[in-house]
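What follows is each chain in one-letter form.
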Amino acid sequence: MATTATRIRVPHFVRGRLVWGEETEYLSRDFGVPFVTPRLQLNELFVPRGEPGPAFDVPVADIIDFLVETAQHLTLETNAYLQESLEMTAQVSALPRRIIENTFRRPGQFLTREALEYKLERCFGGPEVLDGWVEHTDPNGSTSRVRAFPPRLVHMLAGNSPSSAMTSIADAALVKAVNVFKMPSADPFTTVAVLRTMADIAPNHPVLRSISAVYWRGGDAAVEGVLYRSQYFDKLVAWGGGEAIANAAQYVGPGFQLVAFDPKVSMSVIGRDAFATEETLAQVAELAASDATIFNQDACVAPRQVFVEGDRDQVDRFCGLLCARLGVDREFASSVGPAPSSEVREAVDGVRFLEPDYRVWGGFDGRGLVVRSPDPIDFHPADKTVNVIPVGSTRDAVAFATVATQTVGVYPPFTKAELRDALAGAGVQRIVNLGSALRGSLGNPHDAMYPLHRFVNWVVDDDA
């Protein structure tokens, strides 16, 4: 990427080719920074249905070899493309530069050979069903062969972390898909930086020839009305806010499916054991703060509400400690984040008059706010604003979980077993120990599904 005057030049990557141009200008999501891209040539973005995708018959083992070699070159200190992407991302992102740098280093743990093979084992039972037709005989003696056939996918990439570009490319490669990546306006840089790195290693690799990474303004019917069709693609893999997902859903029809990573919120549940000692309470407040401040709360896994089992005096002690820990520098959080929006400020100023039922800790300086209320507040906590709700029992917190609740952090850990069935029944998709929202075991479902299992087209050759 390069900068001309104040406009950032953003190239496209089209089926193995880097394309520069300045025909179209856009603005970034957070600060309205202008950037320019080449003109979209829609007919260049897809492989005709009658033509197999370049990677359809490439063994998964070869693809893993390529991904592992690529990962070895995705080191910020030595990769000029990532360094350039970092400089551009720092101009358009609401996250501090230090946190952006840390996100570039995060995918390394997911792109090892062991991690990729384990992921396929968990999702498909191994690579065999991706590489060919696997034969089965049912209890009636009928024989069939099944293949997880490579799909044709359009991806609306997430824009809140550069690491998502790296993992999305790896996932698309593992299922041998033909792909168009719509880059996010909050980061139209990292995807191409990774693809350029891959091109330096093996410029004609089938995986590269299966990928296009381009930008258009989300919701542009002139583009999406053409691409989002079954004659070109099988599925739309969409990350985004409610408006973006709703727009994508209008294109769903016979032969064109939506794999949606809907906007989610998270919460925490803290049991009475937190008040066993002052030291324990301080540790629990630190764990809760470390979850709530992930990407300065601009992440689905960062909790907005914390339900605490205890009386008002106990909960207020927790709130004071929590507020102090929100203003701490962390690997993926800054001590001073963006100031709360005018909506949040007005709402918080309003509840200050409702003591003792409501109480507020902190200010509007970006170091963190805590609002204690008898029920969840009626505005969306953001920018390190945490809503704490006292409950008589941890079971009472389950009533506030919904299908939009992604992650629930629980303390003490043994309470997870007591709550998990009820939380799952309410629609929750992930339950973790408090303080572990960003960490996770490899190979698990995401948003209540195995994404790669949804990406592929399951095809049967049946002798019955």
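Structure shown above.
Residues numbered from 1 in each chain as written. Predicted model: local features only at pLDDT ≥ 70, side-chain atom pairs only at ≥ 80, totals over all residues. Heavy atoms only, no water.

Re the pairing of strand 9 (residues 152–156)
Test applied: The cut-offs for exposure are 20% and 50% of the maximum accessible area for each residue type, with area from a 1.4 Å probe on protein chains only; residues under the lower value are buried, those over the upper are exposed, and the others partly exposed. A helix here means a DSSP run of H or I that spans at least four residues, while a strand means a run of E at least two residues long, and both kinds are numbered starting from the N terminus. Here a strand pair is declared whenever DSSP counts at least two bridges between the two strands.
Counting buried positions over the 5 residues of strand 9 gives 5, a clear majority of the element. Here strand 9 shows two buried faces, one formed by Arg152, Val154 and Met156 and the other by Leu153 and His155. As paired strands, strand 9 and strand 10 (residues 178–182) are joined by 5 bridges and run parallel to one another. Counterpart to Arg152 in the pairing with strand 10 is Val178.

Comments concerning the pattern of salt bridges
Quick reminder of the rule: Within this document, salt bridges are pairs made up of a side-chain nitrogen of Lys or Arg and a carboxyl oxygen of Asp or Glu, the two lying within 4 Å of each other.
Inspection of the entire model under this criterion finds 24 salt bridges. For the salt bridge of Asp57 with Arg147, the shortest nitrogen-to-oxygen distance reads 3.9 Å. Of this pair, Asp57 sits in the loop between strand 6 (34–37) and helix 1 (60–73) while Arg147 sits in strand 8 (residues 143–149), placing them 90 residues apart in sequence. The shortest N-O distance in the salt bridge between Asp365 and Arg367 comes to 3.6 Å. Relative accessible area serves as the criterion here: at 43%, Asp365 is assigned to the partly exposed category. Taking the relative accessible area as the measure of exposure, Arg367 reaches 42% and is therefore partly exposed. When salt bridges that share partners are traced, they join Arg7, Arg9, Glu22 and Glu25 into one network.

Digging into unusual backbone geometry
That bond from Glu355 to Pro356 is cis: its omega, 10 degrees, falls within 30 degrees of zero. Locating Pro356 in the fold gives a position in the loop between helix 13 (342–351) and strand 16 (359–362). Going from Tyr411 to Pro412, the amide bond is cis rather than trans, its omega being -5 degrees. One can find Pro412 in the loop between strand 19 (405–411) and helix 15 (415–426).

Some remarks on the sheet that holds strand 10
What counts here: Lines fitted to C-alpha atoms define the axes here, with helix axes fitted over just the stretch in contact, and angles between the N-to-C directions of these axes take values from 0 to 180 degrees. By definition in these notes, contact holds between two residues if any of their heavy atoms fall within 4.5 Å.
Pairing in this open sheet of 7 strands is mixed, and the strands run 4-3-11-10-9-12-13 from one edge to the other. Whereas interior strands pair on both sides, the edge strands pair on one side only; in this sheet they are strand 4 (17–19) and strand 13 (257–261). Strand-to-strand twist across the sheet, computed as the mean angle between neighbouring axes with direction ignored, equals 20 degrees. The pairing of strand 12 (residues 235–239) with strand 13 spans 5 bridges and is parallel. Residue pairing in the sheet places Leu236 in a bridge with Leu258 of strand 13. Across the sheet, helix 6 (residues 163–174) touches strand 9, strand 10 and strand 11 (211–214), and the angle it forms with strand 10 is around 165 degrees.

Some remarks on the sheet that holds strand 17 (residues 369–372)
The sheet built from 7 strands is open, its strands ordered 16-17-18-15-14-19-20 with mixed pairing. Looking at which strands have only one partner, the edges of the open sheet turn out to be strand 16 and strand 20 (430–433). Averaged over all adjacent pairs, the angle separating strand axes in this sheet is 20 degrees, with direction ignored. Pairing analysis gives 5 bridges linking strand 14 (residues 265–270) to strand 15 (residues 303–309), with the strands arranged parallel. Opposite Ile270, over in strand 15, you have Val308 as the bridge partner.

Looking at the packing of aromatic side chains
Note the cut-off: Pairing of aromatic side chains here covers Phe, Tyr and the six-membered ring of Trp, requires ring centres within 6.5 Å, and sorts the geometry by plane angle: under 30 degrees stacked, over 60 edge-to-face, intermediate tilted.
The final tally for this structure, using the stated rule, is 12 aromatic pairs. Measuring from ring centre to ring centre gives 5.5 Å for Phe56 and Phe149, while their planes differ by 75 degrees; the resulting arrangement is edge-to-face. Residue Phe56 is found in the loop between strand 6 and helix 1, and its partner Phe149 is found in strand 8; the two are separated by 93 residues along the sequence. The class of Phe149 is partly exposed, set by a relative accessible area of 27%. Relative to Phe332, the ring of Phe295 has its centre 5.5 Å away and its plane inclined at 75 degrees; by these criteria the two rings are edge-to-face.

Points about the environment of Arg454
Assignment of secondary structure puts Arg454 in helix 16 (residues 451–455). Classification of Arg454 as partly exposed rests on a relative accessible area of 34%. Separated by 195 residues in sequence, Arg454 and Val259 have C-alpha atoms that sit 7.2 Å apart. Contact partners of Arg454, with chain neighbours within four places excluded, come to Lys235, Leu258, Val259 and Met449.

Concerning the pairing of strand 7 (residues 134–137)
Sheet topology places strand 7 next to strand 8; 4 bridges connect them, and they run antiparallel. Each residue of the ladder has a partner; that of Glu135, found in strand 8, is Arg145. In textbook terms, the turn of a hairpin is the stretch between consecutive antiparallel strands, and for strand 7 and strand 8 this stretch comprises 5 residues, one of which, Gly141, has a positive phi near 90 degrees.

Side note on the side chain of Lys235
Stated formally: The charged-residue count follows a simple rule in which Lys and Arg add positive charge and Asp and Glu add negative charge, with His and chain termini not counted at all. Under this definition, polar contacts are N or O atom pairs within 3.5 Å; protein pairs additionally need one hydrogen-donor-capable and one acceptor-capable atom, and for neighbouring residues in sequence, both atoms have to be side-chain atoms.
Within the fold, Lys235 resides in strand 12. An unpaired buried charge is present at Lys235: no salt bridge exists, and Asp234, the closest side chain of opposite charge, is 7.0 Å distant. At 2.7 Å, the side chain of Lys235 and the backbone oxygen of Val456 are in polar contact. When residues no more than four places from it in sequence are discounted, the contact partners of Lys235 are Arg152, Leu153, Val154, Phe256, Gln257, Val259, Arg454, Phe455, Val456 and Asn457.

A short note on the packing of helix 1 against helix 4 (residues 113–124)
Quick reminder of the rule: Crossings are sorted by hand: turned counterclockwise from the far helix by less than a right angle, the near helix makes the crossing left-handed, and turned clockwise it makes it right-handed. Charged residues are taken to be Asp, Glu, Lys and Arg, nonpolar residues to be Ala, Val, Leu, Ile, Met, Phe, Trp, Tyr, Cys and Pro, and polar residues to be all remaining types, Gly included.
Interaxial distance between helix 1 and helix 4 falls to 10 Å at its minimum, and their mutual angle equals 145 degrees. The handedness of the crossing between helix 1 and helix 4 comes out as right-handed. Contacts from Val60, Ile64, Asp65, Leu67 and Val68 of helix 1 reach helix 4 at Arg113, Leu116, Glu117 and Leu120. For the contact of helix 1 with helix 4, the per-class residue count stands at 6 nonpolar, no polar and 3 charged.

So, the nonpolar core
Applied cut-off: We define a nonpolar core as any set of buried Ala, Val, Leu, Ile, Met, Phe, Trp, Tyr and Cys residues linked to one another through side-chain atoms lying within 4.5 Å.
One finds Phe124, Met198, Trp216, Leu227, Tyr228 and Leu236 to be the most contacted residues of the largest nonpolar core, which totals 92 residues. Each residue touching Trp216, except ones within four places of it in the same chain, is listed here: Tyr26, Leu40, Val154, Val180, Lys182, Val223, Glu224, Leu227 and Tyr228. One finds Ile270, Phe318, Leu322 and Cys323 within the second-largest nonpolar core, a separate group that totals 23 residues.

All we've got here are geometric facts, nothing functional implied.
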